[in-house]
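Listed below, chain by chain, are the residues.
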Amino acid sequence: GGGARARLGGGGRKVVSVGRQFQESLDSLMGMLHTCSPHFVRCIKPNHHLAPDDFDGAYVMRQLQQMGMVHVVKARKQGFAHRYDFDTFIARYGYLREGVECDAAKLAPYLQTYLGSASPPAGTKTETVQLLGALAAADMFATDGWAVGTTKLFLKASHQQQLEVARESHLRRVITQTLTKAIADQDLASLDEAVARAVEIRLTGKLVEEAKALLATLREREKAFEALTEAMEMRDVAAVEAALKQAAAVRLEKDAKKGAQKVSDAKALLTQLKAQQVASNALAAALASKDVKKLRDALDAAQKSGLNSGQVTQAQRMLEGLKTKDALEKKLAAAAKGGSLAELTQLLAQAEEIGLSTEAARAAKRRHASLQESAQASSALQSASTARDEEALRAAIERASAAEQNQAAAEREKAAMSAELATAKELLAKLEAEHSTVLATPPRGGAAAARGLPTPSGPVSYV
């Protein structure tokens, strides 16, 4: 009744108590912890007043002693503080075997002691015991105090220190050799790796400083090499000059592998680009002047510099056009002095097609008009002579005489026209004579016949 409604709330909703909420929160936290691997961290205060950059050593040591950390460290040192699985151990220290020589007879006691057999099966466990035995035989590692388990190697702090000393000594020797070789080869990748390894093991000295300086130089040379490559791809004079200046600053030409060749190629390209620039300017001037000699010289310079652009094509077309005009003008000049009508007609058509308008073209036109008039006059003379038409012949002779007087006609055309005129004039004189004879002769029958009177059949008597 009323109690149930109270637990459900005034509106029939279920009321969650504080205890229930706490339980759900705790269950959620425990579920989260079970899915993780929690680590407990003990915080140590550096000083009393919690100020930054203020380390109080005595205060910190007192805290470590009070929380028992000093005893824990001592206990760890007395026991097997370092435990490696065999794969991890071989990966970290396996290369130490390279610098240690040891025969099988010296390794046999260690194999027998730690593996129970002088000839155990191959594997990382056997390799681990062989490595430690070889180091121990060379007085680089303790002969006892370490243990070999089923899956792990157990070492004390002193053993770990001996291994690290041997490892660092080996790394210093190897890295020193690598640095020396990388400096001699001047290879950026190998030198970068060698310097990084030297820094990792805190290797110092003159050799390392030399390697670092060379590495910085090689990096600058690599930047200069890339800048040269980019500028050469752009084929821009200013960019190539700037890149060559950068290359000279880092002495890229001293890089025998690729730098020297790149600098040489860039210089050759710069010379070519400058020559092309000069050739381009010469082409522009020649195009503006429309001079055959300038165009020919500019095109020769462009060909020598390897310039191949639209400007070259334009200059070639203009040169061909100017050559065509020049050749045509010479032909027109020659034809204007003695060319035939057909030849002049053809040449003038070509001149009109290319828009040639020079004195030679105008002289050829005058010669063409004269020859054309002479041809027409000659044709009229022939037609009138064939028709034996006195009036037409007289008009043709007058036209031919005018054509003969044209100064543009050559001597041979004048001579031919004179001969035709002479023939035509002879024919005209003959026709005029015949016509006069016809007019002077009376018709048969005399005046009577002329008047239409009967003509006497016999002799006429005038008595």
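Look above for the structure.
What you are looking at is a predicted structure, and each value in this text was computed from that prediction instead of being measured.

Caption draft 1: Inspection of the packing of helix α15 (residues 341-354) against helix α16 (residues 359-387) at higher detail. Two elements in contact, α15 and α16, have axes whose closest approach is 9 Å; the angle formed by their N-to-C orientations is 140 degrees. The angle between α15 and α16 falls in the class oblique. Taken as a pair, α15 and α16 cross one another with a handedness that is left-handed. Residues Leu341, Leu344, Thr345 and Leu348 of α15 pack against Ala361, Ala364, Lys365, Arg367, His368, Leu371, Gln372 and Ala375 of α16. Of the residues in the contact of α15 with α16, the class split is seven nonpolar, three polar and two charged.

Caption draft 2: Region of interest: the pattern of salt bridges. Scanning the entire structure with this criterion turns up 13 salt bridges. The closest approach of N and O atoms between lysine 258 and glutamate 222, which form a salt bridge, is 3.4 Å. Linking lysine 258 in the loop between α11 (237-249) and α12 (259-289) with glutamate 222 in helix α10 (residues 206-234), this pair joins segments that are 36 residues apart in sequence. Judged by its relative accessible area of 36%, lysine 258 falls in the partly exposed class. Glutamate 222 sits in the partly exposed class, given a relative accessible area of 24%.

Caption draft 3: A look at a nonpolar patch on the surface. Side chains of Phe22, Leu26, Leu29, Met30 and Leu33 sit close together on the surface and give an oily, nonpolar patch of about 470 Å² of accessible area. Checked against the element boundaries, methionine 30 lands in helix α2 (residues 18-34). Overall, methionine 30 belongs to the partly exposed group, its relative accessible area being 36%.

Caption draft 4: Layout of helix α13 (residues 292-305). Between its first and last C-alpha atoms α13 spans 20 Å; for 14 residues at 1.5 Å apiece the expected length is 20 Å, and the two agree. Of all the residues in α13, the buried ones are Leu295, Ala298, Leu299, Ala302 and Ser305. Angularly, the buried residues of α13 cover 125 degrees about the axis, an arc narrow enough to put them on a single face. Seen from the buried face of α13, the exposed residues on the opposite side, beyond 90 degrees, are Lys293, Gln303 and Lys304. Where the residues of α13 are buried, they touch α12 and α14 (310-338). Measuring from the side-chain oxygen of the N-cap residue of α13 to the backbone nitrogen of lysine 293 gives 3.2 Å; that N-cap residue is aspartate 291.

Caption draft 5: The arrangement of the sheet that holds strand β1 (residues 82-85) in detail. Spatially, the three strands line up as an open sheet ordered β1-β3-β2, and their pairing is antiparallel. Bordering the open sheet on either side are β1 and β2 (147-148), each of which pairs with just one other strand. Two strands pair when backbone bridges link them, and β2 and strand β3 (residues 152-155) are joined in this way by two bridges, in the antiparallel orientation. Residue valine 148 lies in a different strand from β3, and its bridge partner there is leucine 153. Across the sheet, helix α8 (residues 157-185) touches β1 and β3, and the angle it forms with β3 is around 100 degrees.

Caption draft 6: The arrangement of the side chain of threonine 126 in detail. Inspection of the secondary structure assignment puts threonine 126 in helix α7 (residues 124-137). In this structure threonine 126 touches Leu111, Leu115, Pro120 and Pro121, once residues within four positions along its chain are discounted.

Caption draft 7: Focus on the packing of aromatic side chains. What the rule picks out here adds up to six aromatic pairs. With centroids separated by 5.9 Å and ring planes inclined at 55 degrees, the aromatic side chains of phenylalanine 141 and tryptophan 146 adopt a geometry described as tilted. The class of tryptophan 146 is buried, set by a relative accessible area of 4%. In textbook terms, an aromatic cluster arises when at least three aromatic residues are bridged by ring pairs, as seen for Tyr84, Phe89 and Tyr93.

About the criteria used
- Residues numbered from 1 in each chain as written.
- Predicted model: local features only at pLDDT ≥ 70, side-chain atom pairs only at ≥ 80, totals over all residues.
- Heavy atoms only, no water.
- Axes fitted to C-alpha atoms, helices over the stretch in contact; angles between N-to-C directions.
- Helix = DSSP H or I, 4+ residues; strand = E, 2+ residues; numbered from the N terminus.
- Parallel < 35°, antiparallel > 145°, perpendicular 65-115°, else oblique.
- Left-handed = near helix turned anticlockwise from the far one by under 90°.
- Contact = heavy atoms within 4.5 Å.
- Nonpolar A, V, L, I, M, F, W, Y, C, P; charged D, E, K, R; others polar.
- Salt bridge = Lys/Arg side-chain N within 4 Å of Asp/Glu carboxyl O.
- Buried < 20%, exposed > 50% of the residue type's maximum accessible area, 1.4 Å probe, protein only.
- Patch = residues over 30% accessible without salt bridge, like charges linked within 9 Å, V, L, I, M, F, W, Y side chains within 5 Å.
- Areas by Shrake-Rupley, 256 points an atom, 1.4 Å probe, with all protein chains shown as cover.
- Expected span 1.5 Å × (residues − 1).
- Arc of directions from axis to C-beta.
- Polar contact = N/O pair within 3.5 Å; in protein donor to acceptor, adjacent residues only side chain to side chain.
- Pairing = 2+ DSSP bridges.
- Phe/Tyr/Trp six-rings, centres within 6.5 Å; stacked < 30°, edge-to-face > 60°.

Function cannot be read off these values alone, since they describe shape.
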